[in-house]
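Close look at the chain arrangement
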Amino acid sequence: MEVLTDILATFDPITLEEMSSIKLMNRIDTKFVTTQRQLMQLLDMARADYWAQDIRGERLSKYDTTYFDTTDFAMYRIHQTGHTGRQKIRFRTYVSSDLQFMEVKTKNNHGRTKKKRIKVSDMDLGDEAKRAFLAEHLHYDVADLQPAIRNNFERITLVNRAKTERLTIDTNLQFFNLISGQTRDMGPLVIIELKRDGLCYSPVLEMLRQLRIHPHGFSKYCMGSAMTNPQLPVNRFKPKLRDVEKILKTT
């Protein structure tokens, strides 16, 4: 970890306040899966083209997230079967900045992701403000929801100089299944997500190509659930699960 923090210290900083103008709430997301070793190479290549988000002197931010689903796991099952119009609901705590949000993410059949969120202080779905928000944005009945899985990780956030994209890099990922009680530590696995407004030029795409890091879907909710709840179907996720296990075994 010391080496990672050292290389992040060489990036020019961007503050949380400066980040507020880069919302990308209607965006195109592309995910990549790699290792901590390749991450170090990528950061070395990217430092001239990107700022690193800095919160109170920290460039590795801790996140704690709890995903909800229906009692019959309808959101997971729709994703697992490949249907469009998918949704997720989560409570995300930004530990470094002491903020918590309830978020609903909707992905349409054009590959665009829209995120709606409100600031909250707890995960109680009984209060009126949360119920009104969910009634407007979620396609499921709030009465059917239950907490399904929790994860935590450390995130690096990079912003390109044109401020048209964010690159989030998640390390030290751990899953805690709230239904089965199973846990999973993902070790050296790194999840990179490129979030950009439309198809704007992205400096990091060429860097990723040079490192032979190719697009690879990885839904933290779905993959974490598939790995920690043996009662769920995993047919469509099997190739991705095999890829992840291969990465973990070869590092």
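We now turn to the structure provided with this report. On a predicted model such as this, the values are computed, not experimentally measured, just so you know.

1. Side note on the overall build of the protein chain
A tally of regular secondary structure across the protein chain gives eight helices and eleven strands. The C-alpha radius of gyration of the protein chain comes to 18 Å, within 12% of the 18 Å expected for a compact globule of 251 residues. On the principal axes, the C-alpha backbone points of the protein chain span a range of 50 × 40 × 35 Å. Buried positions account for 52% of the 251 residues belonging to the protein chain.

2. A short note on the pattern of salt bridges
On inspection of all chains with the given rule, the structure shows 14 salt bridges. Salt-bridge contacts for Lys-130 lead to Asp-122; the nearest nitrogen and oxygen are separated by 2.8 Å. You can call Asp-122 partly exposed: its relative accessible area is 33%. With a closest N to O distance of 4.0 Å, Glu-193 and Lys-195 form a salt bridge.

3. Some points on the side chain of Thr-228
Take Thr-228: it is sitting in helix H7 (residues 220-228). For Thr-228, a relative accessible area of 1% puts it in the buried group. A polar contact of 2.7 Å, which involves the side chain of Thr-228, links it to the backbone oxygen of Gly-224. What Thr-228 contacts, discounting residues up to four positions off in sequence, is Ile-149, Phe-175, Asn-177, Ser-180, Gln-182, Thr-183 and Arg-184.

4. Section: helix H6 (residues 203-210)
Those residues of H6 not exposed but buried are Pro-203, Val-204, Met-207 and Leu-208. Considered in projection along H6, the buried side chains sweep an arc of 125 degrees and stay on one side of the axis. Arg-212 lies just past H6 and shows a positive phi near 60 degrees.

5. Here we look at the packing of aromatic side chains
Evaluation of the coordinates by the stated rule reveals seven aromatic pairs. Pairing Phe-68 with Phe-91 gives two aromatic rings, centres 5.3 Å apart and planes at 55 degrees, and the pair type is tilted. Taken together, the residues Phe-68 in strand S4 (residues 61-70) and Phe-91 in strand S5 (residues 86-94) connect sequence positions 23 residues apart. On the accessibility criterion, Phe-91 (1% relative accessible area) is buried. Arranged with centres 5.8 Å apart and planes meeting at 85 degrees, the rings of Tyr-94 and Phe-101 form a pair that is edge-to-face. For the pair Tyr-94 and Phe-101, a shared accessibility class is recorded, and that class is buried. Chaining the aromatic ring pairs together yields one cluster made of Tyr-63, Tyr-94, Phe-101 and Phe-153.

Calculation criteria
- Residues numbered from 1 in each chain as written.
- Predicted model: local features only at pLDDT ≥ 70, side-chain atom pairs only at ≥ 80, totals over all residues.
- Heavy atoms only, no water.
- Helix = DSSP H or I, 4+ residues; strand = E, 2+ residues; numbered from the N terminus.
- Rg over C-alpha atoms; globule rule 2.2 N^0.38 Å.
- Buried < 20%, exposed > 50% of the residue type's maximum accessible area, 1.4 Å probe, protein only.
- Salt bridge = Lys/Arg side-chain N within 4 Å of Asp/Glu carboxyl O.
- Polar contact = N/O pair within 3.5 Å; in protein donor to acceptor, adjacent residues only side chain to side chain.
- Contact = heavy atoms within 4.5 Å.
- Arc of directions from axis to C-beta.
- Phe/Tyr/Trp six-rings, centres within 6.5 Å; stacked < 30°, edge-to-face > 60°.

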